[in-house]
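Chain by chain, the residues:
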Amino acid sequence: MTNDLIKADDTDVCTIGAMSEFPPEDHPSPAGLFGPLFEILLRRMHVEVAAVLGKHELRLLHMGVLNVLTVAGKQSQADLAEALRVDKTTMVGLLNDLEAVGFVERQRSPEDRRRHDVVMTAVGKRRNAEIVEALRGAEGRVLSALSATQRCELFALLEQAFLAGAADPRPS
């Protein structure tokens with residue numbers, strides 16, 4: 001895709017929901033919507049990521065669990081399920097898979113014996129780092145048209161949008 005596809009009249013401004021005017025006056029108006037572009041890139045990303053994770057007999061949700069544990073540390077099963085927006089049964093299956101390969105360990109919570117806390121093992125931390133590095137390669141292939149700086153900027157923007165949406169966990 002080239003910038004020729006998104007050129008527009010300088011006076012063309014659209015409003016998106018409750019957002020302020022979009023785009024800013026000094027930017028051309030996009031010819032399309034974010035959603036379809038995200039969908040296409042997501043499909044490309046899914047193919048690349050699935051190939052990497054398949055070599056390790058993992059799925060993207062497994063990496064979601066490991067990512068939350070890496071960022072936030074020890075979590076209850078219920079908190080992990082909520083963070084990944086999956087039901088408790090799905091979370092138990094994910095944790096069973098990760099526990100079977102030695103990536104995570106479930107422990108009784110010292111505060112509440114009914115609750116299980118999940119921690120990443122030393123093996124899990126090491127293997128997760130290796131897999132993340134391979135996944136960065138997959139992401140790089142999908143986003144190869146962007147410079148390293150642009151990929152970092154894109155990540156920061158997507159993370160900002162994600163965190164803002166985390167305050168409103170589920171649509172009504």
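The rules behind these values
Residues numbered from 1 in each chain as written. Predicted model: local features only at pLDDT ≥ 70, side-chain atom pairs only at ≥ 80, totals over all residues. Heavy atoms only, no water. Salt bridge = Lys/Arg side-chain N within 4 Å of Asp/Glu carboxyl O. Helix = DSSP H or I, 4+ residues; strand = E, 2+ residues; numbered from the N terminus. pLDDT = per-residue confidence, 0-100. Contact = heavy atoms within 4.5 Å. Core = buried A, V, L, I, M, F, W, Y, C linked by side-chain atoms within 4.5 Å. Buried < 20%, exposed > 50% of the residue type's maximum accessible area, 1.4 Å probe, protein only. Pairing = 2+ DSSP bridges. Axes fitted to C-alpha atoms, helices over the stretch in contact; angles between N-to-C directions. Left-handed = near helix turned anticlockwise from the far one by under 90°. Nonpolar A, V, L, I, M, F, W, Y, C, P; charged D, E, K, R; others polar.

1. Considering the pattern of salt bridges
Per the stated rule, a full pass over the model turns up nine salt bridges. The residue Arg 43 makes a salt bridge to Glu 39 at a minimum N-O spacing of 2.9 Å. With a gap of four residues between them, Arg 43 and Glu 39 both fall in helix α1 (residues 34–54), about one helical turn apart. Between Glu 99 and Arg 106 there is a salt bridge, with its nearest N and O atoms 2.8 Å apart. Several salt bridges converge on common partners, so that one network encompasses Lys 74, Glu 111, Arg 115 and Asp 117.

2. Some remarks on the confidence of the model for the protein
For the protein, the mean per-residue pLDDT works out to 84, and 84% of the residues sit at or above 70. Across the protein, the element-wise mean pLDDT spans from 87 in helix α6 (residues 148–166) up to 97 in helix α4 (residues 88–100). Across residues 1–18 the pLDDT falls below 50, and counting only partners more than four positions away or on other chains, this stretch makes 22 contacts in the model.

3. Quick notes on the nonpolar core
Val 65, Leu 80, Met 91 and Val 104 are the most contacted members of the largest nonpolar core, which has 27 residues in total. Elements that contribute at least two residues to this core include exactly α1, α2 (60–72), α3 (77–84), α4, β3 (116–120) and α5 (122–142). Contact partners of Met 91, with chain neighbours within four places excluded, come to Val 65, Gln 77, Leu 80, Ala 81, Leu 84 and Val 86.

4. Comments concerning the pairing of β3
Across the five residues that make up β3, a large majority, four, are buried. Taken together, the two bridges between strand β1 (residues 75–76) and β3 define a ladder with antiparallel strand orientation. Paired with Gln 75 across the two strands is Val 118, which belongs to β3. Looking at chain direction, strand β2 (residues 104–108) and β3 are connected through five bridges and run antiparallel. Within β3, the residue paired with Val 104 across the bridge is Met 120.

5. Notes on the packing of α1 against α5
Taken N-terminus to C-terminus, the directions of α1 and α5 make an angle of 145°; their axes are 9 Å apart at the nearest point. Classified by chirality, the crossing of α5 by α1 is right-handed. Taken together, the residues of α5 that come into contact with α1 (itself represented by Leu 41, Arg 44, Met 45, Glu 48, Val 49, Val 52 and Leu 53) are Ile 131, Ala 134, Leu 135, Ala 138, Glu 139, Arg 141 and Val 142. Its residues assigned to classes, the contact of α1 with α5 shows 10 nonpolar, no polar and four charged.

6. With respect to the sheet that holds β1
Strand order across the open sheet formed by three strands is β1-β3-β2, with antiparallel pairing between neighbours. Looking at which strands have only one partner, the edges of the open sheet turn out to be β1 and β2. Across the sheet, α4 is in contact with β2 and β3; its angle to β2 comes to roughly 115°.

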